[in-house]
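Results of the structural survey
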Amino acid sequence: MTQAVRVRFAPSPTGPLHIGGLRTALYNYLFAKKHNGDFILRIEDTDQNRFVPGAEDYIVNALKWCNIPFDEGPGTEDKKGPYKQSERKELYKKAVQTLIQKGRAYYAFDSSESLEKHRVYHEEKGKTFIYNWHNRLKLENSLSLSKEEVQKRIDNGDRYVIRFLMVENGGVENFINSTDLIRGTIRVDLNLLDDKILFKSDGMPTYHLANVVDDHAMEISHVIRGEEWLPSLALHHQLYIAFEWKTPQFAHLPLLLKPTGKGKLSKRDGDKLGFPVFPLDWRDPETGKVSPGYKEAGYVPEAVVNFLALLGWNPGTEQEILTLSELIGLFSIEQVHKSGARFDPEKNKWFNQQHLQHIEESVLEEQLIKDAKAFDIVVSPEKAQKVVRLVKERASLLTELWGLSSYFFMDPEGYDAKAVRKQWKEGTPEVLTKFLTFLKSASLSEPSNFQAEFKTWIADESISFGQIMAPLRLCLVGKLSGADLFEIICFLGHKTVTSRIQKALQNI
Ligand code: GLU
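Right, let's walk through the structure included here. (Residues numbered from 1 in each chain as written. Predicted model: local features only at pLDDT ≥ 70, side-chain atom pairs only at ≥ 80, totals over all residues. Heavy atoms only, no water.)

Considering the sheet that holds strand E4 (residues 161-164)
Selection rule: At least two DSSP bridges between two strands are required for those strands to pair. Secondary structure elements are taken from DSSP: a helix is a run of H or I of four residues or more, a strand is a run of E of two residues or more, and numbering for both begins at the N terminus. Between N-to-C directions, angles cover 0 to 180 degrees, with each direction set by a line fitted to C-alpha atoms, over the stretch in contact for helices.
Within the open sheet, the 3 strands sit side by side as E3-E4-E7. Their pairing is antiparallel. On the outer flanks of this sheet lie strand E3 (105-108) and strand E7 (197-199), each paired with one strand and no other. Strand-to-strand twist across the sheet, computed as the mean angle between neighbouring axes with direction ignored, equals 45°. Bridging between E4 and E7 involves 2 bridges; their strand directions are antiparallel. Within the sheet, the bridge partner assigned to Ile-162 lies in E7 and is Phe-199.

Take a look at the structure:
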């Protein structure tokens, strides 16, 4: 029987979820769902110094907003939980004891001062100090000290860490070949690796130990994570071998690069160029500073997920606008790229504009109603529906809707000076006055009928389209952009159209 697919997203709650982390979560989700598997959220909170209050809730809420829910995780039924590493300490203690018994881990008592001395001494000689087979018998640990001395120190309460015995005796060839689903075989010389700390002196496991122990205990079949963990692959592979556990399959995802294509995408790039790098607004608990999120900036989750999915993966189709279920259907980890993916904020906006045309219109309507309220304007659901249909094509962000449609609900606050200079001619007031007379008897119940009536009228009056359309738009919208003018006139009705034209005639 083939192993059931179980993948996990394992963030550390050290701050808000960066867009790169969100993509890792998304690829895990797509892979799980493609293979009818489970997507697990595990909170890796063993580093108490870096713990940030609110970060865990933020991660959970961000996944929820993106519609990529986890099957198991904090707050779900405890199938293989608990799902927070701080609640699994006993497991790590037991695991490290197993390694000690197997002769693959040992106690080390070296103080940080003495390690620093070794480091400096090596540096002065142009060498790098690596704690491993080279020198471990010359350092203070349970391999170099007598059993009694070790016990004495432990009973004494001396500080110690527990280290992994990477290679027993160096010198002989000792390569390990690990397989990465995206990058193929990764060959590493174990003689060059250090005896990594598995257990810290504060009694907490390090990432390496806890991660491997949990992936095993949670029956993770595929470890899909960021490229920054590739250098740890050989160590993790070795840990599985030492425990005599089945090794999961690994895939290391490419980096997200700055819009320039050079270097890793950072929060600062977002601040500088004015685009969010977080899914939701994040308020720093210490400084109170708010970093903008996609949601609040007017992006819809459908677009964020679509855009992110294609950052580093190519489904090999012409079609770019894809729903979550289409993404699941097409996803293949082998097609994920090896090289970094350039983050293009303009393309991100384009995806959003495209998705705004396809999602439920009620989402857009609600946003419009909400934004109008800020101006003390009550927009009825019927009017919101009409207006959304007229303007949504021009909206890249949900938050742009109000700016694109405010003239449906309030008089223009001024008139675009450049447009006035160009379009407001000597004969304009006369043409508009004639229009006011025509308007009185025109029916505004149907834009297409009104348009036909209007065309007959201007032909009869020998008024050209150019003479009237731009000035009329200036009166009603205040600028030359906006929805179809006949739609606008029918929406506003006789009274408002008349008063806006009169106001413009007085003010321009
Ligand atoms: N806690 C690690 C991180 O936040 C998880 C890495 C992994 O997925 O193994 O990057």
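Looking at the nonpolar core
For clarity, the cut-off: Nonpolar cores were defined as sets of buried Ala, Val, Leu, Ile, Met, Phe, Trp, Tyr and Cys residues, with membership established by side-chain atoms within 4.5 Å. We call a residue buried when its accessible area falls under 20% of the maximum for its residue type, exposed when it is over 50%, and partly exposed in between, using a 1.4 Å probe and counting protein chains only. Only heavy atoms matter for contacts: two residues are in contact if any of them lie within 4.5 Å across the pair.
Of all hydrophobic cores here, the largest spans 112 residues; its most connected members are Leu-63, Phe-435, Phe-450, Phe-454, Ile-468 and Ile-489. It is helix H20 (residues 485-507) that contributes the most residues to this core, 10 residues altogether. If we ignore the near neighbours within four places in the chain, the residues touching Phe-454 are Phe-435, Phe-438, Phe-465, Ile-468, Met-469, Leu-472 and Phe-486. If you look at the next biggest cluster of nonpolar residues, it comprises 35 residues, including Ala-95, Ile-162, Leu-190 and Leu-230.

What to know about the pairing of strand E8 (residues 222-226)
Convention followed: The crossover handedness rule: strands pointing away from the viewer, path from first strand over the helix to second strand clockwise, crossover right-handed.
When you tally the buried positions in E8, you get 5 out of 5 residues, the bulk of the element. A crossover connection joins E8 to the parallel strand E9 (residues 249-253) through helix H7 (residues 233-243); in handedness this β-α-β unit is right-handed.

Let's talk about the site of the ligand
Going by this rule: The nearness test applies per residue and asks whether one of its heavy atoms lies within 4 Å of the molecule or strand. N or O atoms within 3.5 Å of each other form a polar contact, as long as, within protein, one can give a hydrogen and the other can take it, and as long as residues adjacent in sequence are counted only when both atoms are side-chain atoms. All accessibility values rest on the Shrake-Rupley procedure with a 1.4 Å probe; residue burial counts only the protein chains present in the view. Gly is placed with the polar residues, together with every amino acid not listed as nonpolar (Ala, Val, Leu, Ile, Met, Phe, Trp, Tyr, Cys and Pro) or charged (Asp, Glu, Lys and Arg).
Surrounding the ligand, one finds Arg-8, Ala-10, Pro-11, Ser-12, Glu-44, Tyr-207, Asn-211, Arg-225 and Trp-229. One of the side-chain nitrogen or oxygen atoms of Arg-8 is found 2.8 Å away from an oxygen atom of the ligand. Residue Tyr-207 places a side-chain N or O atom 2.7 Å away from an oxygen atom belonging to the ligand. Protein contact buries 84% of the 300 Å² of open area that the ligand shows by itself. Of the residues assigned to the shell around the ligand, the class counts are 4 nonpolar, 2 polar and 3 charged.

Digging into the packing of helix H18 (residues 447-461) against helix H19 (residues 465-477)
Describing two packed helices takes the angle between their axes plus the distance from one axis to the other. Counted only if it meets this: Angular relationships are summarised with four words: roughly parallel below 35 degrees, roughly antiparallel beyond 145, roughly perpendicular across 65 to 115, and oblique for the angles in between.
For the pair H18 and H19, the least separation of the axes is 10 Å and the interaxial angle reads 125°. Judged by the inter-axis angle, H18 sits oblique to H19. The segment H18 lies against H19, with Phe-454, Lys-455, Trp-457 and Ile-458 engaging Phe-465, Ile-468, Met-469 and Leu-472. Here the contact of H18 with H19 is built from residues that sort into 7 nonpolar, no polar and 1 charged.

What about the environment of Leu-41?
Here Leu-41 shows up in strand E2 (residues 38-41). Residues Leu-41 and Ser-464, 423 residues apart in the sequence, show an inter-C-alpha distance of 65 Å. Residues in contact with Leu-41, not counting those within four places in the same chain, are Phe-9, Pro-11, Ile-59, Val-60, Leu-63, Phe-70, Glu-72, Gly-73, Pro-74 and Tyr-83.

With respect to the packing of aromatic side chains
Here is the rule we go by: Pairing of aromatic side chains requires ring centres within 6.5 Å, counting the rings of Phe and Tyr and the six-membered ring of Trp. Pairs whose planes differ by under 30 degrees are stacked, by over 60 edge-to-face, and all others tilted. Note on geometry: a ring has a charge over it if NZ (lysine) or CZ (arginine) is within 6 Å of the ring centre and within 35 degrees of the ring normal.
With the rule as written, the count across this model stands at 31 aromatic pairs. With a centroid separation of 6.4 Å and 65° between ring planes, the pair formed by Phe-129 and Tyr-131 is classed as edge-to-face. The exposure classification of Phe-129 matches that of Tyr-131, with both residues buried. On the basis of an interplanar angle of 25° and a centroid distance of 6.1 Å, the ring pair of Phe-438 and Phe-450 is categorised as stacked. One end of the pair, Phe-438, is in helix H17 (residues 428-441); the other, Phe-450, is in helix H18, and 12 residues separate them in sequence. Residue Phe-450 is classed as buried on the basis of its relative accessible area of 0%. These aromatic residues form a ring-pair network of at least three members: Phe-435, Phe-438, Phe-450, Phe-454, Trp-457, Phe-465 and Phe-486. Residue placement shows Arg-23 over the ring face of Tyr-27; its charged tip is 5.4 Å from the ring centre. Just above the ring of Tyr-131 sits the side chain of Arg-163; from NZ or CZ to the centre is 3.7 Å.

Note that every value here comes from positions in space, so none of it alone points to a role or purpose.
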